[in-house]
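# Understanding the architecture of this molecule
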Amino acid sequence: MQRLVRETAAIVEVELIKLIRDPTELISRAIQPLLWLVVFGQVLAQVRGIHTGQMSYLAFITPGILAQSILFSSIFYGIAIIWERDLGVVHKLLVSPAWRASLVFGKAIAAGFRGIVQTVVIYLIALAMHVSIRLDPLAILAVASSVMLGSGIFATFSLIIACIVKTRERFMGIGQVLTMPMFFASNAIYPLDIMPDWLRVVARLNPLTYLIDALRGLVINGGASVYGFAADFTIMIGVFVVLLFIAVKLYPSLAE
Amino acid sequence: MNQTAPDDPDQFAILATALTRRFGTLTAVDHIELQVAYGEIFGLLGANGAGKSTMIKMLTTLLPPTSGSAQVGGFDIIKSPGEVRRRIGYVSQLLSADGALTGFENLLLSARLYGLHGSESRSRIDDALNFMGLADSAKKLVKTYSGGMIRRLELAQAMLHRPAILFLDEPTIGLDPVARHTVWDRLLDLRHSYGMTVLITTHDMEEAEMLCDSLAILHAGKISVIGKPAELRSGLGDEATMDDVFAHYAGGSIHESGTFSDVAKTRRTAQRLG
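This section reports on the structure supplied with the text. Computed from a predicted model, the values in this text were never measured in an experiment.

## As for the overall build of chain B
Of the regular secondary structure elements, chain B holds 10 helices and 10 strands. In chain B, which comprises 274 residues, the share counted as buried stands at 49%. A sequence separation of at least 24 residues applies to 69% of the contacts in chain B between residues at least 6 apart.

## Looking at the overall build of chain A
Along its length, chain A carries 12 helices and 0 strands. Going from N to C terminus, chain A has its helices and strands arranged as α-α-α-α-α-α-α-α-α-α-α-α. For chain A, the C-alpha radius of gyration of 18 Å lies close to 18 Å, the compact-globule estimate for 256 residues. Its C-alpha atoms put chain A at 55 × 40 × 35 Å along the principal axes. Counting every position in chain A, which comprises 256 residues, the buried fraction comes to 44%. In chain A, once contacts between residues fewer than 6 apart in sequence are set aside, the share between residues at least 24 apart is 81%.

## Description of helix H9 (residues 242-249) of chain B
Residue and element names in this part refer to chain B. Within H9, the full set of buried residues consists of Met-242, Val-245, Phe-246 and Tyr-249. All buried residues of H9 fall inside an arc of 95° around its axis, so they share one side. Considering only its buried residues, H9 is in contact with strand E3 (41-46), helix H7 (205-211), strand E9 (214-219), strand E10 (222-227) and helix H8 (229-235). Two residues or fewer after H9 comes Gly-251, characterised by a positive phi angle close to 80°.

## Topic: the nonpolar core
Grouped together as the largest cluster of nonpolar side chains are 153 residues, with contacts concentrated most on A:Leu159, B:Ile14 and B:Ala156. At 13 residues, the largest contribution of residues to this core is made by helix H8 (residues 137-165) of chain A. Excluding its chain neighbours within four sequence positions, the residues that come into contact with B:Ile14 are B:Leu34, B:Val36, B:Leu59, B:Val72, B:Ile165 and B:Leu199.

Rules used throughout
Residues numbered from 1 in each chain as written. Chains lettered and ligands numbered in written order. Predicted model: local features only at pLDDT ≥ 70, side-chain atom pairs only at ≥ 80, totals over all residues. Helix = DSSP H or I, 4+ residues; strand = E, 2+ residues; numbered from the N terminus. Buried ≥ 20, exposed ≤ 12 C-beta atoms within 10 Å, placed from the backbone. Contact = placed C-beta atoms within 7 Å. Rg over C-alpha atoms; globule rule 2.2 N^0.38 Å. Arc of directions from axis to C-beta. Core = buried A, V, L, I, M, F, W, Y, C linked by C-beta atoms within 7 Å.

See the structure below:
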């Protein structure tokens with residue numbers, strides 16, 4: 001256990017050093033949520049075509065855009081993994097006696113910290129637009145945990161895809177094909193009950209839906225989770241554990 | 001080939017028995033028998049695609065063999081990969097040092113992954129930096145290093161945990177002659193100071209003659225000859241050079257071989273080395 005913590009920390013620290021040294025990616029990742037909230041959110045709020053109950057439309061989509069931005073930045077984690085494979089970094093990690101679980105878990109946690117940075121950016125945008133954000137410490141702590149968990153899920157999912165496709169070109173294609181449907185087949189920008197039945201079924205199977213559901217209760221004043229936090233977190237933790245197991249099995253194949 | 005079967009497997013740093021790896025219908029490594037004694041610098045030569053890298057990947061536990069077995073440092077690569085990993089160091093053909101980190105940070109990561117910490121880790125890192133002549137550049141980002149410095153840093157990373165056996169896949173590919181000689185000097189010193197066994201792949205005949213106590217030439221996944229460099233030369237006549245030895249045993253010309261991906265990979269490494 002101590003070994004797992006120590007090795008995981010080594011991987012996380014390296015990722016954080018790199019992130020701090022070159023934050024350009026973080027900055028460019030802030031642009032998309034800005035567009036969604038300031039342009040899309042404000043325009044659709046005028047239409048009042050989507051019924052979001054007590055919540056304003058902008059408040060409704062803020063957690064959705066937060067989750068989307070976590071999904072988009074984490075899902076391309078696989079590109080970095082493929083890059084590391086092309087550079088021989090993966091080989092170097094895999095000939096070390098470090099546990100494969102530490103290597104994979106370290107990447108997931110590092111993705112979580114990126115997600116936290118995204119969260120701060122989106123909170124700032126939302127506050128500037130007078131969205132009523134919950135700022136009590138407990139809510140913030142719970143949001144941070146959800147964001148870490150969500151980032152870990154999508155980064156690990158991305159790592160699994162990277163292990164299967166192994167080249168950047170194929171990954172880019174698959175990444176595009178996966179992210180947009182996952183986003184639209186979720187409760188990010190409209191509630192599940194206005195969806196056609198078939199889409200609602202897909203959305204119920206989408207882990208992004210549960211991340212957004214938890215965030216909707218935790219980020220927004222007066223927001224509520226439809227499925228309940230216990231269900232949201234149980235599902236997310238379950239998905240994360242399953243993905244971690246698969247990733248640990250597949251990761252060594254990157255060096256073959 | 002003219003070596004007798006060992007009575008005691010522990011006397012060999014590397015012992016491969018009918019080691020085989022297939023990729024689909026291609027047999028990259030075909031029932032190879034190999035014995036490398038402790039303390040030896042052993043060269044694995046062959047044209048691109050002859051099976052050198054596949055061999056090294058299996059021996060370093062990166063790639064499971066299709067059949068056959070091997071012991072490295074006295075442990076089975078399939079049954080005890082963790083024990084094998086603890087006893088080996090590996091420098092890949094690719095430049096695996098992280099350019100976005102400093103030399104020191106690269107070493108610190110290796111130290112932590114090998115379970116070194118505290119003052120022990122610190123003193124090993126200092127030793128390695130001094131040994132490789134990198135102490136002055138330790139705080140600089142690796143992307144500012146020259147190709148030769150990156151190679152020396154990678155050797156430093158690979159030796160931190162004092163492995164019994166070092167695997168080097170084309171360690172001087174793409175380096176200029178001065179940088180190449182520095183890497184060779186460091187390797188010979190490393191063997192001298194720490195008694196490491198070194199398995200090196202190359203298709204550079206000067207390197208093979210300069211460094212290796214013995215070498216094996218691979219052709220189409222099989223060993224076509226094993227011997228000391230001088231013996232191999234004299235076996236082909238008085239005038240024979242190492243290039244002649246290579247051409248004779250590696251199956252055809254030294255210059256025309258390699259698949260597209262081999263060449264692309266080599267170019268990429270050379271490009272990064274500038």
